[in-house]
Amino acid sequence: MKTPPRVDDLPPLLTPRRIFEQLSRWVVGQERAKRALAIAAYNHLKRTALRRARRGAPGIRKSNVLLVGPTGCGKTHLARTLAQILEVPFHVADATEFTEAGYYGKDVEAIIAELLAKAGHAVEEAQRGIVFIDEVDKIARRSQGQRAGVGARDIGGEGVQQALLKILEGRELLVPLGPALQWQRHEQVAVDTTDVLFVCAGTFTDVFAYSGGERTLGFGAADARRTAARRIRQKDLVDYGMLAEFLGRLPVVVQLDELGEDELLEVLTGPPDAVVREMKELLLADGVELAFTEGALREIVRHAVERGAGARGLRAIVEEVVADLLFEAPERAGTRASIDAPFVRRRVERIDPAALAER
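Only a predicted model underlies this, so the values are computations on that prediction, with no experimental measurement involved.

Chemist: Explanation requested: the pattern of salt bridges in the structure shown.
Modeler: For side chains bearing opposite charge, pairing can occur when the charged atoms are close. With the rule as written, the count across this model stands at 22 salt bridges. In this structure, R18 and E21 form a salt bridge, with 3.7 Å as the shortest nitrogen-oxygen distance. Within this pair, R18 and its partner E21 are both found in helix α1 (residues 16–26), separated by 3 residues, close to a single helical turn. Taking the relative accessible area as the measure of exposure, R18 reaches 42% and is therefore partly exposed.

Structural data, given as structure tokens:
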């Protein structure tokens, strides 16, 4: 009997600890999520290598990941950074763009077509890639009463979940070489999604309102943070409107925490791609030395927390604070600019709160 290949016989793979360490360079906090993704990524690489070494023998089933957390906690950043570490094709899709087959809008097969395009139309590369599907909470069942499939068709919610089942589980699909709404007119190629790792994410903002019978509105909204500390169960997600079959294809569920002020301060200045570092480098190219006081940085963080923008809103605030300086930079070569807390307060008063959530 032929012995199956061992990890030692495979090409060198990044270990979970090494993946976790590299994620920690770029992503602040979220230790539990980084560990879960490191394990999922290592198993993804190992499973792909084992399948190729066995050449057609039955492979190990994959474990797709569901990230649940508030806006601006780093869900997309985690997935994008993971793909860079693994050096595999990576595609970000928005679940709200898709509709059930036969209706106007994108078919779910377009996700794989776009991944194939990111892989330079190399099928082998695309078949070991990572797909990040954002806003999956927006495709929850629209009507909680439609339990038996009766009533109006839910083409952008339950219908999309059903269409995604075959892709998440792993199936050979015919996808177009040129993804578009009229993709049936393009040349098609077969792509197997068995080894494509799917990372889905959503905020599921009021998930406990459906399971506990109490909505965090009005005077009860002040208790929202305490409610968020509770771990989300699969039953909570099913009550929210997600199909049990859909959740069954996302066995690894990771709940991300809202970033605190100290963590947001580190996001602002710590990682190599921190927005403050980028702004300093951008202005230094024009000969302007930029400095932020400790009070200014904490004022930026405080404003992001008050508006509920999280890490996503930090860039919008910083860009507004330095907007005039960026405009005048070519004429101010050889000078030094220092930004303090009072200056930040005057500038952030002009920011539209809706703009922070969109960034």
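Chemist: Any chance you could explain the sheet that holds strand β2 (residues 90–94) here in plain terms?
Modeler: In a beta sheet, neighbouring strands are held together by backbone hydrogen bonds and run either parallel or antiparallel to one another. Taken together, the 5 strands give an open sheet; going across it, the order is β2-β3-β6-β1-β7, and neighbouring strands pair in parallel fashion. Both edges of this open sheet fall to β2 and β7 (252–255), since each of them pairs with a single strand only. Here the strands of the sheet are splayed against their neighbours by 20 degrees on average, with no regard to which way each runs. Sitting on the sheet, helix α4 (residues 109–118) is in contact with β2, β3 (130–134) and β6 (197–202), with an inclination near 150 degrees to β2.

Chemist: I'm lost on the nonpolar core in this one. Help?
Modeler: As a rule of thumb, soluble globular proteins bury nonpolar side chains together. Counting residues in each nonpolar core, the largest one holds 41 residues, and the members touching the most others are L66, I133, L164 and F204. Elements that contribute at least two residues to this core include exactly β1 (65–68), α4, β3, α6 (158–169), β4 (172–176), β6, α9 (234–240) and α10 (244–248). If near-sequence neighbours (up to four positions away) are discounted, I133 is found in contact with A93, A95, I111, L164, F198, V199, C200 and A201.

Chemist: Quick question: what am I supposed to make of the environment of R347 here?
Modeler: Position of R347 among the secondary structure elements: in helix α16 (residues 341–348). Along the backbone, R347 and A323 are 24 residues apart, and their C-alpha atoms lie at a distance of 9.4 Å. For R347, the contacting residues outside a window of four places in its chain are E320, V321, A323 and D324. Among the polar contacts listed, one links the side chain of R347 to the side chain of D324, at a separation of 2.6 Å.

Chemist: What am I meant to see in the pairing of β1 here?
Modeler: On any regular strand, side chains alternate: one points to one face of the sheet, the next to the other face. Side-chain alternation along β1 places V65 and L67 on one buried face and L66 and V68 on a second face that is also buried. With 4 bridges connecting them, β1 and β6 associate as parallel partners. Bridging across to β6, V68 finds its partner in G202. Pairing of β1 with β7, which is carried by 4 bridges, proceeds in the parallel orientation. Within β7, the position partnered with L66 by the bridge is V253.

Chemist: How should the packing of helix α13 (residues 294–306) against α16 be read in this particular structure?
Modeler: Interaxial distance between α13 and α16 falls to 7 Å at its minimum, and their mutual angle equals 30 degrees. In terms of orientation, α13 lies roughly parallel with respect to α16. When the axes of α13 and α16 are compared, the crossing they make is right-handed. Here G295, A296, E299, I300, R302 and H303 of α13 lie close against α16, whose contacting residues are A341, V344, R345 and V348.

Rules used in this analysis
Along each chain, residues carry numbers from 1 onward, in the same order as the chain's sequence is written. Note on the predicted model: pLDDT of at least 70 is required for a residue's local features to be given, and 80 or more for side-chain atom pairs to be given and counted; whole-chain, interface and lining totals, by contrast, use all residues. By convention in this description, side-chain values take in all heavy atoms of the structure and omit both hydrogens and water. Definition used for salt bridges: Asp or Glu carboxyl oxygen within 4 Å of a side-chain nitrogen of Lys or Arg. Strands are runs of DSSP state E lasting at least 2 residues, helices are runs of H or I lasting at least 4, and numbering of each runs from the N terminus. Classification of residues uses two cut-offs on accessible area relative to the type maximum, computed with a 1.4 Å probe and protein chains only: under 20% is buried, over 50% is exposed, and between them is partly exposed. Strand pairing is assigned whenever DSSP identifies at least 2 bridges connecting the two strands. Orientation is described by lines fitted to C-alpha atoms, with helices fitted over the stretch in contact, and by angles between N-to-C directions that extend from 0 to 180 degrees. Note on definitions: a residue-residue contact is assigned when non-hydrogen atoms from the two residues lie within 4.5 Å. Here the nonpolar core consists of buried residues drawn from Ala, Val, Leu, Ile, Met, Phe, Trp, Tyr and Cys, with membership extended through side-chain atoms lying within 4.5 Å. Polar contact is the term for a pair of N or O atoms within 3.5 Å; when the atoms are in protein, one must be able to donate a hydrogen and the other to accept it, and sequence-neighboring residues count only if both atoms are side-chain atoms. Throughout this description, any angle smaller than 35 degrees is read as roughly parallel, any larger than 145 degrees as roughly antiparallel, any in the 65 to 115 degree range as roughly perpendicular, and the remainder as oblique. Crossings are assigned a handedness: left-handed for a near helix turned anticlockwise from the far helix by less than a right angle, right-handed for a clockwise turn.

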